[in-house]
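# Observations on the three-dimensional arrangement
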Amino acid sequence: MSLSEIDGNYNPIQPDSDGSYEEVEHLLVEEKEEEDDTEDLAEEDPQPVAECSKPKGPRCEKLFSFNAVFCQKLFRNQLRPKENSSTRVVGDSIEDVIECLWDTGKDLVKRQVVFHDNVPKWAVDEKPKFDDVGKFFLLQDMNARKTYGIENLTARLLLRWRDQLIKIFVFAYSLDVENKNQFNDVGVSEAARLDGVHRGMVVANTINSRNLRQIRELKMESSTAMVVLQEAFKRLEVMEAEAEASNGIVSAMKTVMQPEESELSQQLAAEVTNCFDDHYV
């Protein structure tokens, strides 16, 4: 049952005009002789409980009010859990009471342990929230020696608990952790997971190192090739400059050394005729 399903506004009894709860107390005396239907849902707790040494406080004006001692448990069958704190839980509705329980005991809650195929693992959320209160809290009636889950709380039961001492068991890693071995398995499972992650990182690092080495080798080869190309480019520039200089010299020589007819060549050309040569007749 979720918190939203709890009838937090159930208020069957109102105080008298003078602010007392005599009528409530009268009903409580009668109800102690009846069997509470919700007790069918309760489970026997074989663990001995210690009486709280804190004296009862004055009567509270709230509809529900009981003294509570908070104990942290690491697993369900843990013996003699340490008492961490005590307080007076009050409220006008069931939800008020649950909020009071959560505000007082939430510091005893650590990270939830969940089970997948009977393998314990850490929950995704590192810090549980108020909506998770039912996964971590059990309430024990000190007189009846019975425990109740958050989902079993009813207005009738809370009225019966007025001014009584109720022990609140807060399970650090959730109610699903039954024994110490399961709790230890969480560490083993987490260690195995971390070992797998470590192995994967080693493989990834090896592959990355190889790629990095190849990149550096290619970079060096490219750098060497660039030096060779730069030297070749410089030589080409020198050769180009030399060719341009030679071309200039040749052009100048061509202009200076153009052929011209001399006086003799002109005289000989004038004496040349088209007469028939009779020497061969």
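Quantities reported herein were computed from a predicted structural model and do not represent experimental measurements. (Residues numbered from 1 in each chain as written. Predicted model: local features only at pLDDT ≥ 70, side-chain atom pairs only at ≥ 80, totals over all residues. Heavy atoms only, no water.)

## A closer look at the overall build of the protein
Test applied: Helix and strand definitions here come from DSSP, where helices need a minimum of 4 consecutive H or I residues and strands a minimum of 2 consecutive E residues; each element is numbered from the N-terminal end. Type-normalised accessible area, obtained with a 1.4 Å probe on protein chains alone, sets the label of each residue: buried when under 20%, exposed when over 50%, and partly exposed for intermediate values. Note on contacts: a residue pair qualifies if any of its non-hydrogen atoms lie within 4.5 Å across the two residues. Throughout, the Shrake-Rupley method with a 1.4 Å probe supplies accessible areas, and for residues the shown protein chains are the sole cover considered.
A tally of helices and strands in the protein yields five helices and eight strands. What you see in the protein, going N to C, is helices and strands ordered as α-β-β-β-α-β-β-β-β-α-β-α-α. Among the 281 residues that make up the protein, the fraction classed as buried is 32%. For the protein, restricting intrachain contacts to residue pairs at least 6 apart in sequence, the fraction spanning at least 24 positions comes to 73%. When the accessible area of the protein is evaluated, it comes to approximately 19,300 Å², of which 53% is carbon and sulfur surface.

## Comments concerning the pattern of salt bridges
What counts, and what does not: Any carboxyl oxygen of Asp or Glu within 4 Å of a side-chain nitrogen of Lys or Arg constitutes a salt bridge here.
Counted according to the given criterion, the structure contains five salt bridges. The partner of Lys 62 in a salt bridge is Asp 92, and the shortest N-O contact between them spans 3.6 Å. Taken together, the residues span a long stretch of sequence, with Lys 62 in the loop between strand S1 (43-44) and strand S2 (64-73) and Asp 92 in the loop between strand S3 (83-91) and helix H2 (94-105) at a distance of 30 residues. Between Asp 125 and Lys 129 there is a salt bridge; the shortest N-O distance is 3.8 Å. According to the relative accessible area criterion, Asp 125 is partly exposed, its value standing at 45%.

## Quick word on the packing of aromatic side chains
Put simply, the test is: Pairing of aromatic rings covers Phe, Tyr and the six-membered ring of Trp, with a centre-to-centre limit of 6.5 Å; geometry is then stacked below 30 degrees between planes, edge-to-face above 60, and tilted otherwise.
Considering all chains together, one arrives at five aromatic pairs under this definition. Taking 5.7 Å as the distance between ring centres and 75° as the angle between the ring planes, the aromatic pair formed by Phe 66 and Trp 161 counts as edge-to-face. Of this pair, Phe 66 sits in strand S2 while Trp 161 sits in the loop between helix H3 (155-160) and strand S8 (165-171), and the two are 95 residues apart along the sequence. On the basis of relative accessible area, Phe 66 is assigned to the buried category, the value being 0%.

## Quick notes on the nonpolar core
The condition is simple: We call a set of buried Ala, Val, Leu, Ile, Met, Phe, Trp, Tyr and Cys residues a nonpolar core when their side-chain atoms join them within 4.5 Å.
Residues Phe 66, Leu 101, Phe 137, Leu 139, Leu 153, Trp 161 and Ile 168 are the most contacted members of the largest nonpolar core, which totals 29 residues. Only S2, H2, strand S6 (137-141), H3 and S8 provide two or more residues apiece to this core. The residues contacting Ile 168, other than those within four sequence positions of it, are Ala 68, Val 69, Phe 70, Cys 71, Leu 101, Phe 137, Leu 138 and Leu 139.

## Let's talk about H2
Note the cut-off: Working rule for helices: expected span equals 1.5 Å times residues minus one.
Given a rise of 1.5 Å per residue, 12 residues ought to cover 16 Å, and the 17 Å separating the end C-alpha atoms of H2 matches this to within 8%. Residues Ile 94, Val 97, Ile 98, Cys 100, Leu 101, Trp 102 and Gly 105 constitute the buried set of H2. Contact partners of the buried residues in H2: S2, S3, S6, H3 and S8.

## What about unusual backbone geometry?
One non-glycine residue with positive phi stands out, namely Arg 80, at about 50°. Within the secondary structure layout, Arg 80 lies in the loop between S2 and S3. What makes Arg 80 exposed here is its relative accessible area of 67%. Here Arg 145, not a glycine, exhibits a phi torsion of approximately 55°, which is positive.

## Looking at the pairing of strand S7 (residues 146-149)
Test applied: Two strands make a pair as long as DSSP finds a minimum of two bridges between them.
The two faces of S7 match: Lys 146 and Tyr 148 on one face and Thr 147 and Gly 149 on the other face are all buried. Judged from the four bridges that link them, S6 and S7 form a sheet pairing that is antiparallel. Bridge pairing links Leu 139 to Tyr 148 in S7. Between the antiparallel neighbours S6 and S7 lie four residues, among them Arg 145 with a positive phi of about 55°.

## Here we look at the confidence of the model for the protein
Fine structural detail should not be taken from predicted coordinates in areas where pLDDT scores are low. Put simply, the test is: Confidence per residue, as judged by the predictor, is encoded in pLDDT with a range of 0 to 100.
Summing up the model confidence of the protein, the mean pLDDT is 76 and the portion of residues at 70 or higher is 66%. Within the protein, no element has a lower average pLDDT than helix H1 (residues 22-31), which sits at 41, and none a higher one than S6, at 97. In this model, residues 1-56 is a region of pLDDT below 50 whose contacts with residues beyond four sequence positions or in other chains number 94 contacts.

## A look at the environment of Phe 70
On the secondary structure map, Phe 70 appears in strand S2. Counting along the chain gives 15 residues from Phe 70 to Ser 85, while the straight-line C-alpha distance between them is 5.3 Å.

## Comments concerning the side chain of Lys 73
Put simply, the rule reads: In the analysis that follows, any N or O atom pair within 3.5 Å is treated as a polar contact, provided that within protein one partner can donate a hydrogen and the other can accept it, and provided that, for residues neighboring in sequence, both atoms belong to side chains.
Along the chain, the position of Lys 73 falls in strand S2. Given the relative accessible area of 2%, Lys 73 is considered buried. A distance of 3.2 Å separates the side chain of Lys 73 from the backbone oxygen of Arg 76, its partner in a polar contact.

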